[in-house]
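The chain contents come next:
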Amino acid sequence: MNTVNTINELREQVRAWKAEGLTIGLCPTMGYLHEGHASLMDASVRSCDRTVASVFVNPIQFGPNEDLATYPRDFESDCRLLEAHGVDLVFHPEPAEMYADDFCTFVDIDVLSKTLCGKTRPIHFRGVCTVITKLLNTVTPDKIFFGQKDAQQLAIIRRMVRDLNFDVEVVGCPIVREADGLAKSSRNTYLNPDERRAARILSRAIRLGQDIADGGERRSGKLLAAMKEKLVSEPMAEVEYVEVVNGENMQPVDTFREGDLVAMAVRIGGTRLIDNFTVGQPPIDFQEGQSNAD
Ligand code: AMP
């Protein structure tokens, strides 16, 4: 596995592979990698000849009061995971390599970026779309891999690729969870043991929502009321939102159907956690009473 830090080196490697007729998969990440990220690498390695992973904490997708400075980083450990999962090339640029001092071109997306996380993170998806555009233009991969964990991001990238005619297949990968149901996330490391235990409430609320939807309920209000009640039963949980939106355009729906998205953001202590399920997908599985914090 090779590591490159510059756009030029990345382009050179890609050019050589393309000359050999090889297909390329791209997995963008911000590092501090876990099994959720690894599932993207596995999907790429399975279906493409070569896999490129990027490890870059993208400054322009963080708001002024967010955790850019404290975002966890461990590049050596990331490389071990990437190598073990068969990644061929790691792109690990410095911020200055991606954004020159006079950088002023952004890719913005309307409508889909205004709901859910977009309400409290107004510049986030502009930052995501801009960096993904830069990566797509540099790597020109056949496939690009994203986790369903960030469902709004996935929907936004699908739309951006369609609207701007990028010649790439967007592949969504299922959420990988801890044994107790908590969706794996680099930010879980912010949780102290009490918060880590309290964080189980997200997956419990997801499971409750799935049971209610599977039982035939179709009114968003009823579903959301039950899920909110579950979430607030945990004293450490502070609900930012729980919403049901159309799975493609991310707009709220009063009655929902298969393919719609039920998404939440909840603060536990100072840590903002997100989770979701798609209506009609099989119920999530976890061990009751199990926690990595126990
Ligand atoms: P991040 O490093 O948080 O930007 O995530 C990089 C990619 O990994 C994104 O496409 C995420 O959706 C995906 N990802 C992060 N956590 C998980 C998870 N628990 N399961 C599946 N995909 C994930």
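Residues numbered from 1 in each chain as written. Predicted model: local features only at pLDDT ≥ 70, side-chain atom pairs only at ≥ 80, totals over all residues. Heavy atoms only, no water.

What follows covers the site of the ligand. The ligand sits among 17 residues. The nearest are His37, Gly147, Asp150, Val176 and Lys184. In this structure, an oxygen atom belonging to the ligand sits 2.6 Å away from a side-chain N or O atom of aspartate 150. Calculation on the ligand without its partners gives an accessible area of 480 Å², and the protein chains cover 92% of this total. Those elements giving two or more residues to the shell around the ligand turn out to be β2 (24–29), α2 (35–47) and β5 (143–147). (Near = heavy atom within 4 Å. Polar contact = N/O pair within 3.5 Å; in protein donor to acceptor, adjacent residues only side chain to side chain. Areas by Shrake-Rupley, 256 points an atom, 1.4 Å probe, with all protein chains shown as cover. Helix = DSSP H or I, 4+ residues; strand = E, 2+ residues; numbered from the N terminus.)

So, about the packing of aromatic side chains. For any pair of aromatic rings, the description rests on two quantities: the centre-to-centre distance and the angle between the ring planes. Considering all chains together, one arrives at 4 aromatic pairs under this definition. An aromatic cluster of at least three residues, connected via ring pairs, comprises Phe56, Tyr99, Phe103 and Phe106. Here the basic side chain of arginine 126 rests over the ring of phenylalanine 106, its NZ or CZ set 3.9 Å away from the ring centre. (Phe/Tyr/Trp six-rings, centres within 6.5 Å; stacked < 30°, edge-to-face > 60°. Lys NZ or Arg CZ within 6 Å of the ring centre and 35° of its normal.)

This part covers the domain arrangement of the protein chain. For the protein chain, the assigned domains read domain 1 (2–173) and domain 2 (186–278). The C-alpha centroid of domain 2 is placed 26 Å from the C-alpha centroid of domain 1. On the domain 2 side, the residues contacting the 24 residues of domain 1 number 20 residues. For the pair domain 1 and domain 2, the summed buried surface comes to about 1800 Å²; carbon and sulfur atoms form 53% of the total. Where domain 1 touches domain 2, the interface holds 2 salt bridges. (Domains from an automatic or database assignment. Contact = heavy atoms within 4.5 Å. Buried area = accessible area lost by both parts, 1.4 Å probe. Salt bridge = Lys/Arg side-chain N within 4 Å of Asp/Glu carboxyl O.)

Glancing now at helix α7 (residues 151–163). With 13 residues, α7 should reach 18 Å at 1.5 Å per residue; the first-to-last C-alpha distance of 18 Å fits that figure. When α7 is considered as a whole, its buried residues turn out to be Ala151, Gln152, Gln153, Leu154, Ala155, Ile156, Ile157, Met160 and Val161. Those residues of α7 that are buried are in contact with α5 (117–120), α6 (124–139), β5, β6 (169–173), β8 (261–268) and β9 (271–278). Trailing α7 by a residue or two, asparagine 165 shows a phi angle of about 60°, which is positive. (Expected span 1.5 Å × (residues − 1). Buried < 20%, exposed > 50% of the residue type's maximum accessible area, 1.4 Å probe, protein only.)

Moving on, we come to the sheet that holds β5. The strands making up a sheet associate through backbone hydrogen bonding, with each pair oriented either parallel or antiparallel. Strand order in the open sheet made by the 6 strands is β1-β4-β3-β2-β5-β6, with parallel pairing throughout. The open sheet is flanked by β1 (2–4) and β6, the only strands paired with a single partner. This sheet shows a mean twist of 25° between the axes of neighbouring strands, independent of strand direction. Pairing between β5 and β6: 5 bridges, direction parallel. Across the sheet, residue glycine 147 finds its bridge partner in β6, namely cysteine 173. On top of the sheet, α7 reaches β5 and β6; it is set at about 170° to β6, its chief contact. (Pairing = 2+ DSSP bridges. Axes fitted to C-alpha atoms, helices over the stretch in contact; angles between N-to-C directions.)

Next up on the list: the side chain of glutamate 234. With respect to the secondary-structure elements, glutamate 234 resides in the loop between α10 (220–232) and β7 (237–245). Within the buried core, glutamate 234 has no salt-bridge partner, and the shortest N-O distance to an opposite charge, that of arginine 200, equals 8.4 Å. Excluding anything up to four places from it in sequence, glutamate 234 contacts Ala198 and Ile201. (Lys, Arg positive; Asp, Glu negative; His and termini not counted.)

With that out of the way, let us pick up the UniProt feature "active site" (unreviewed entry) in the protein chain. The feature "active site" (unreviewed entry), as annotated in UniProt, sits at His37 in this numbering. Summarising the element assignment, histidine 37 is placed in helix α2. Contacts of histidine 37, omitting those with residues within four sequence positions, involve Thr29, Gly31, Tyr32 and Ser186. (UniProt positions renumbered as here; feature names shortened; annotations may be inferred.)

Time to look at the pairing of β9. Counting buried positions along β9 yields 8 of 8 residues, so the element is predominantly enclosed. As paired strands, β8 and β9 are joined by 8 bridges and run antiparallel to one another. Across the sheet, alanine 265 pairs through a bridge with isoleucine 274, a residue of β9. In this antiparallel pair of consecutive strands, β8 and β9, the connection spans 2 residues, and glycine 269 shows a positive phi of 60°.

Right, let's get into the sheet that holds β7. With antiparallel pairing, 3 strands are arranged side by side in an open sheet as β7-β8-β9. In this open sheet, the two strands that pair with only one neighbour each are β7 and β9. Neighbour-to-neighbour, the strand axes of this sheet turn through a mean angle of 15°, independent of strand direction. Relative to the sheet, helix α9 (residues 200–214) contacts β7, β8 and β9, its axis offset from that of β9 by approximately 20°.

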